[in-house]
Amino acid sequence: PRAMASKAGSKLRQKEGKEGDEERVHVVVRIRPPVRQDEKFGDGSEALQVDRERNLLWLLSKADEPKERGAHKTKQYVFDRVLGKESTQLDVWNAAAENVVKSAMEGYVGCLMCYGQTGAGKTYTLGSEAQGNEGVVLRAFNYMFERASEER
C-alpha cells in the first residue's frame, strides 16, 4: 500500500466533519492489486483486507508464520480514507488532493506527500500522464489553470 498524507490551511471548508478537523493531517491509503507472490496466500487470498466503509485495513499473517512475543497475527489500522485496489486516479484526487489544491489557491499552505516502498505505485499515482488516468500533479495543474482562467 502507499500512503498519501495531505494537509491544507485553516480555511478549508467545514464539510470535512468536526470543527478543527480540516487543519490536521489526513492520511489516505491506496492499495494496489497484488502483483508478487509474497503478497498473496494462495487462490485469491490476499495479505491485506479492507473495510472501506469504516476506513479500516487489516494486515493478515500466514498461519505458519511464528508469532513474535506479544504480537497478534492480524494487525488493524485506521485511516481517514482507504482506497481499495479498484480505486481510480480520480478517486485519489477526490480523497487526497482536491481540498489541498483548493486551499492553496485561496492562499493557504498545503502539502501532499506520497509514501511507499519501491514498486508501490507512487509515480503512477502522482505523475501519470496517461489520458483518462492522469495523476495528482497533472490534475492539480489542470485544476489551477482552469480556475485561474474562470476568474479572469
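Residues numbered from 1 in each chain as written. Predicted model: local features only at pLDDT ≥ 70, side-chain atom pairs only at ≥ 80, totals over all residues. Heavy atoms only, no water.

Some points on the pattern of salt bridges
Then, number 1: Applying the stated rule across the entire model yields seven salt bridges.
Then, number 2: Among the salt bridges present, the one from Lys102 reaches Glu98, with a minimum N-O distance of 3.7 Å. Of this pair, Lys102 and Glu98 both sit in helix α1 (residues 89-105), four residues apart, which is roughly one turn of the helix.
Then, number 3: The shortest N-O distance in the salt bridge between Glu134 and Arg139 comes to 3.8 Å.
Then, number 4: Judged by its relative accessible area of 18%, Glu134 falls in the buried class.
Then, number 5: Given a relative accessible area of 16%, Arg139 falls into the buried group. (Salt bridge = Lys/Arg side-chain N within 4 Å of Asp/Glu carboxyl O. Helix = DSSP H or I, 4+ residues; strand = E, 2+ residues; numbered from the N terminus. Buried < 20%, exposed > 50% of the residue type's maximum accessible area, 1.4 Å probe, protein only.)

Things to note about the confidence of the model for the protein
Then, number 1: Here the protein averages 81 in pLDDT, and 72% of its residues register 70 or above.
Then, number 2: Per-residue pLDDT, averaged within each element of the protein, yields its smallest value for strand β1 (residues 2-7) (58) and its largest for helix α3 (residues 136-150) (95).
Then, number 3: Note on residues 9-18: pLDDT under 50 across the span, and 22 contacts to partners over four residues away in sequence or across chains. (pLDDT = per-residue confidence, 0-100. Contact = heavy atoms within 4.5 Å.)

As for the side chain of Arg32
Then, number 1: When you line up the elements, Arg32 lands in the loop between β2 (26-30) and β3 (48-51).
Then, number 2: Judged by its relative accessible area of 18%, Arg32 is buried.
Then, number 3: Among the polar contacts made by the side chain of Arg32, one reaches the main-chain carbonyl oxygen of Gly119 at a distance of 3.1 Å. (Polar contact = N/O pair within 3.5 Å; in protein donor to acceptor, adjacent residues only side chain to side chain.)

Section: the pairing of β3
Then, number 1: Bridge count for β3 against strand β4 (residues 56-59) is four bridges, and the pairing is antiparallel. Residue pairing for β4: Val50 is matched across the bridge by Leu57. (Pairing = 2+ DSSP bridges.)

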